[in-house]
Amino acid sequence: MAGGSLCVHKYEDVISLENLLEAWGEFKVGKKTRLDVQEFEHNLMTNLIILHESLVDGTYIHKSYNARAINDPKPRKIHIASVRDRVLHRAIYRRLYPFFDRIFIADSFSCRDNKGTHRALQRFEVMARQVSMNNTKTCWVLKCDVRQFFASIDHRVLLELLSKKIADEKLLWLLANIIASFSSSKPGVGLPLGNLTSQLLSNVYLHEMDLFVEQGLRIKNYIRYADDFVLLSRDYDELKSQLYVISDWLGVELKLWLHPNKVSIETMASGVDFLGWVHFQKHRVLRGVTRKRMIRNVAKGAGKESLASYRGMLGWGNGYKIASKLPKSGGEGLT
């Protein structure tokens, strides 16, 4: 991992009772009605002290997960840790995230403060205008997706990357404990989708690709959102060449592979599917499957929060007609 700075936080900073208490305060927001959260809070200080002492004496072991199937939007399985472990995840995250966020590249947008999908879409639009010289030149876009990303993260590679930025051996031991608590297809591979720490660790992992693309290949027009990324250029052959180089590098260095059915090189004039929208030179429209899923959910009687979310998302592109048909309150179909 490029850059000479090291994380200044120590193991003691992460596991302190003060940090665990603050982590609990952040964790419980919106979860007060959940039985496991209520049970933990009933003996809060005792539970936190036991957790703290197990971390102090090095006897802490991450517990097993509960698996749950969700549709978000496609069917997938998330793994939920115990309340005790999720509080610790939060304690780690709140100490380590600020450091790593400072070293991540500007054009990485997933799971970061003041970033997100909307900012990524705006940045894509700006890059497309720059590359096309305000739509006077052909802008080609290479779009890629890492196949089974979370399930393919190699624990050994991840720990090597972390050791380049974290000098504290106890803190590395704790991270190794959490990383080793889950495996997907085989031992030593995979991170659980349900962990807060997985959001940070996955960005640490793909930050290596970000650096390779921006510094190694000296590519300026590059955006990554989670494991989806795009490169923009006026030269089709250049993008095709870069695709092979990046694909080979990912396999060798990060043990990752691109999804063969989700790699494309298209022009902005023909439409580029990225982050739920199909982008054209002067506008973008909602992806067909996204629109159908929204209409289906509304027809089933989506709640007020979902409707507000849909209206906000539709405002990011040419979604006025769909937005005008949404009901004013939850529990109704399209108007």
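Okay, so let's go over this structure.

Cut-offs and rules
- Residues numbered from 1 in each chain as written.
- Predicted model: local features only at pLDDT ≥ 70, side-chain atom pairs only at ≥ 80, totals over all residues.
- Heavy atoms only, no water.
- Patch = residues over 30% accessible without salt bridge, like charges linked within 9 Å, V, L, I, M, F, W, Y side chains within 5 Å.
- Areas by Shrake-Rupley, 256 points an atom, 1.4 Å probe, with all protein chains shown as cover.
- Salt bridge = Lys/Arg side-chain N within 4 Å of Asp/Glu carboxyl O.
- Helix = DSSP H or I, 4+ residues; strand = E, 2+ residues; numbered from the N terminus.
- Buried < 20%, exposed > 50% of the residue type's maximum accessible area, 1.4 Å probe, protein only.
- Pairing = 2+ DSSP bridges.
- Axes fitted to C-alpha atoms, helices over the stretch in contact; angles between N-to-C directions.
- Contact = heavy atoms within 4.5 Å.
- Phe/Tyr/Trp six-rings, centres within 6.5 Å; stacked < 30°, edge-to-face > 60°.
- Expected span 1.5 Å × (residues − 1).

So, on to a nonpolar patch on the surface. A cluster of nonpolar side chains, L21, M45 and I49, forms an exposed patch at the surface whose accessible area comes to about 220 Å². Mapped onto the secondary structure, M45 falls in helix α4 (residues 44–56). Look at M45 and you get partly exposed, because its relative accessible area is 38%.

Here we take up the pattern of salt bridges. Per the stated rule, a full pass over the model turns up 13 salt bridges. For the salt bridge of R94 with E26, the shortest nitrogen-to-oxygen distance reads 3.1 Å. With a gap of 68 residues between them, R94 in helix α5 (residues 83–103) and E26 in helix α2 (residues 17–27) connect regions that are remote in the sequence. Owing to a relative accessible area of 32%, E26 belongs among the partly exposed residues under this scheme. Linked through salt bridges whose partners overlap, the residues forming this network are E22, E26, R90 and R94.

What follows concerns the sheet that holds strand β3 (residues 140–145). In spatial order, the strands read β4-β5-β3-β6; together these four strands make up an open sheet with antiparallel pairing. On the outer flanks of this sheet lie β4 (222–225) and β6 (264–267), each paired with one strand and no other. Sheet twist, expressed as the average angle between the axes of neighbouring strands with direction ignored, equals 20°. The pairing of β4 with strand β5 (residues 228–233) spans four bridges and is classified as antiparallel. Following the sheet pairing, R224 is matched in β5 by F229. Set on the sheet, helix α6 (residues 116–131) makes contact with β3, β4 and β5; between it and β4 the angle comes to about 165°. The sheet strands contacting helix α11 (residues 236–254) are β3, β5 and β6, and the helix crosses β5 at an angle near 145°.

Turning our attention to the packing of aromatic side chains. Inspection of every chain in the model, using the stated rule, returns twelve aromatic pairs. Seen in terms of ring centroids, W24 and F27 are 5.9 Å apart; in terms of plane orientation they differ by 40°. Their pairing is tilted. Of this pair, W24 and F27 both sit in helix α2, three residues apart, which is roughly one turn of that helix. On the basis of relative accessible area, W24 is assigned to the buried category, the value being 3%. With a centroid separation of 4.9 Å and 65° between ring planes, the pair formed by W140 and Y236 is classed as edge-to-face. Highlighted residues: W140 in strand β3 and Y236 in helix α11, separated in sequence by 96 residues. What makes Y236 partly exposed here is its relative accessible area of 31%.

Our next topic: helix α10 (residues 196–216). Across its 21 residues, α10 extends 30 Å between first and last C-alpha, which sits within 8% of the 30 Å expected from 1.5 Å per residue. Burial analysis of α10 places 17 of its 21 residues in the buried class, which makes it a mostly covered element. Immediately downstream of α10, the backbone of R218 shows phi near 55°, a positive value.

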